[in-house]
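Here are the chains, one letter per residue:
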Amino acid sequence: MLSRLDLQKMKENKEKISMLTAYDYPSAKAAEKSGVDMILVGDSLGMVVLGYSSTVQVTVEDMIHHAKAVRRGAPNTYTVVDMPFMSYHISIEESLTNARAIFQKTEAQALKVEGASKEVLELIKRLTEAGIPVVAHLGLTPQSVNVLGGYKVQGKDKETARKLLDDSVKVAEHGAVSIVLECVPKELAEIITKEVNIPTIGIGAGADCDGQVLVYHDILKYGVDRLPKFVKPYTDFNKHGEEAVKSYVSEVKNGSFPTDAQSFLMKDKSLLP
Ligand SMILES: Nc1nc(=O)c2c([nH]1)NC[C@@H]1CN(c3ccc(C(=O)N[C@@H](CCC(=O)O)C(=O)O)cc3)CN21
Ligand SMILES: CC(C)C(=O)C(=O)O
Ligand SMILES: [Mg+2]
């Protein structure tokens, strides 16, 4: 398994970091078998596998339930777990309690939090001091979709670009081990990547980040309808899966499934009643 220091070295050596989400046992097994450097148990699981309309409905219990399944499927891959909406905003005590529950019960390698408010910066520092590595998440922060007014590219003007760079430096100074940059212009992500000494992992942030992250179901086109511009689908499981299920249904209907190959036969028919 990679360590924080390996990730740091990868940045220094300009060796790209591959990260992929996983939400359950089979996706985690696929990720580990394929050799991804890091798994993210993203709160996007709320939308992708639970059918919620945003990540806002996801709870600490949801994250623990899914992350435990992921750990069973990928025990040897560096795994980051998202802290869900409002689990780190009520008070520092409640944030630490939630972080402890997620970190202890899932045996994750790091937790991820969105934003760089004064409170979140303080939390990054406190968690790091307590021994919980933290990945920061800046740019498009989906837990704030109702404040941002939609899933839009962030940092497109002088002021917000400057703030994103300042926030990146701040989360690094407060101890973050890595920064996920979501939906920011390529040129800005490049500057941030050069300015901070921790690895940047981009999603819709261009090729100059130290690594890339995408959603497992997006790269497979599996259960998702509309793909964001930053996704490259590597297969079309919607199509292949639907074809397979249709064949199964029609073979059951027309009697061509099952054949004897899928049946258990009595060797001695005289034993039959
Ligand atoms: N399946 C899935 N993939 C994701 O990457 C993902 C989720 N779900 N759920 C949680 C968040 C939400 N995310 C999203 C969702 C939509 C866009 C999107 O449609 N963006 C526009 C950009 C619009 C603009 O130009 O400002 C796009 O066209 O890609 C982006 C990120 C990323 N996360
Ligand atoms: C999109 C990634 C970065 C994420 O936070 C998630 O999957 O929840
Ligand atoms: Mg997330």
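Rules and cut-offs
Residues numbered from 1 in each chain as written. Chains lettered and ligands numbered in written order. Predicted model: local features only at pLDDT ≥ 70, side-chain atom pairs only at ≥ 80, totals over all residues. UniProt positions renumbered as here; feature names shortened; annotations may be inferred. Core = buried A, V, L, I, M, F, W, Y, C linked by C-beta atoms within 7 Å. Buried ≥ 20, exposed ≤ 12 C-beta atoms within 10 Å, placed from the backbone. Contact = placed C-beta atoms within 7 Å. Helix = DSSP H or I, 4+ residues; strand = E, 2+ residues; numbered from the N terminus. Pairing = 2+ DSSP bridges. Right-handed = clockwise from strand over helix to strand, strands pointing away. Domains from an automatic or database assignment. Axes fitted to C-alpha atoms, helices over the stretch in contact; angles between N-to-C directions. Parallel < 35°, antiparallel > 145°, perpendicular 65-115°, else oblique. Left-handed = near helix turned anticlockwise from the far one by under 90°. Nonpolar A, V, L, I, M, F, W, Y, C, P; charged D, E, K, R; others polar.

Under an unreviewed UniProt entry, the protein has the name 3-methyl-2-oxobutanoate hydroxymethyltransferase and belongs to Virgibacillus indicus. Heading Subcellular location (unreviewed entry) of the UniProt record for the protein holds this comment: "Cytoplasm".

Once that is clear, we can look at the nonpolar core. Ranked by internal contacts, the top residues of the largest apolar core, which has 70 residues, are Ala22, Ile39, Leu111, Ile124, Val134, Ala136 and Ala176. When sequence neighbours within four positions are dropped, the list of residues in contact with isoleucine 124 reads Val113, Val134, Ala136, Val171, His174, Gly175 and Ala176.

Next up on the list: unusual backbone geometry. The residue after phenylalanine 257, namely proline 258, is reached through a cis peptide bond having omega -5°. Checked against the element boundaries, proline 258 lands in the segment after α11 (237–254). Phi is positive for lysine 14, close to 55°, though the residue is something other than glycine. Among the secondary structure elements, lysine 14 is positioned in the loop between α1 (4–12) and β1 (17–21). On the basis of neighbour count, lysine 14 is assigned to the exposed category, with 7 C-beta atoms found within 10 Å. Backbone geometry at methionine 86 places phi at a positive 65°, although glycine is not the residue there. Among the secondary structure elements, methionine 86 is positioned in the loop between β3 (78–82) and α5 (92–106).

This paragraph deals with the pairing of strand β5 (residues 134–139). Counting buried positions over the six residues of β5 gives six, a clear majority of the element. Where strand β4 (residues 110–114) meets β5, four bridges bridge the pair, whose relative direction is parallel. Bridge pairing in β5 links lysine 112 to valine 135. The handedness of the β4 to β5 crossover, carried by helix α6 (residues 118–130), is right-handed. Direction of pairing for β5 relative to strand β6 (residues 178–182): parallel, over a ladder of five bridges. Within β6, the position partnered with valine 135 by the bridge is serine 178.

Moving on, we get to the domain arrangement of the protein. The assigned domain composition of the protein is domain 1 (4–235) and domain 2 (241–271). Taking only C-alpha atoms into account, the centre of domain 1 sits 44 Å from that of domain 2.

Relative orientation of the contacting elements helix α4 (residues 60–73) and α5 amounts to 20°, with a least axis distance of 9 Å. Considered as vectors, α4 and α5 are oriented roughly parallel to each other. α5 is crossed by α4, and the crossing has right-handed handedness. Residues Val60, Met63, Ile64, Ala67, Lys68 and Arg71 of α4 pack against Asn98, Ala101, Ile102, Lys105 and Thr106 of α5. Residues of the contact of α4 with α5, tallied by class, amount to six nonpolar, two polar and three charged.

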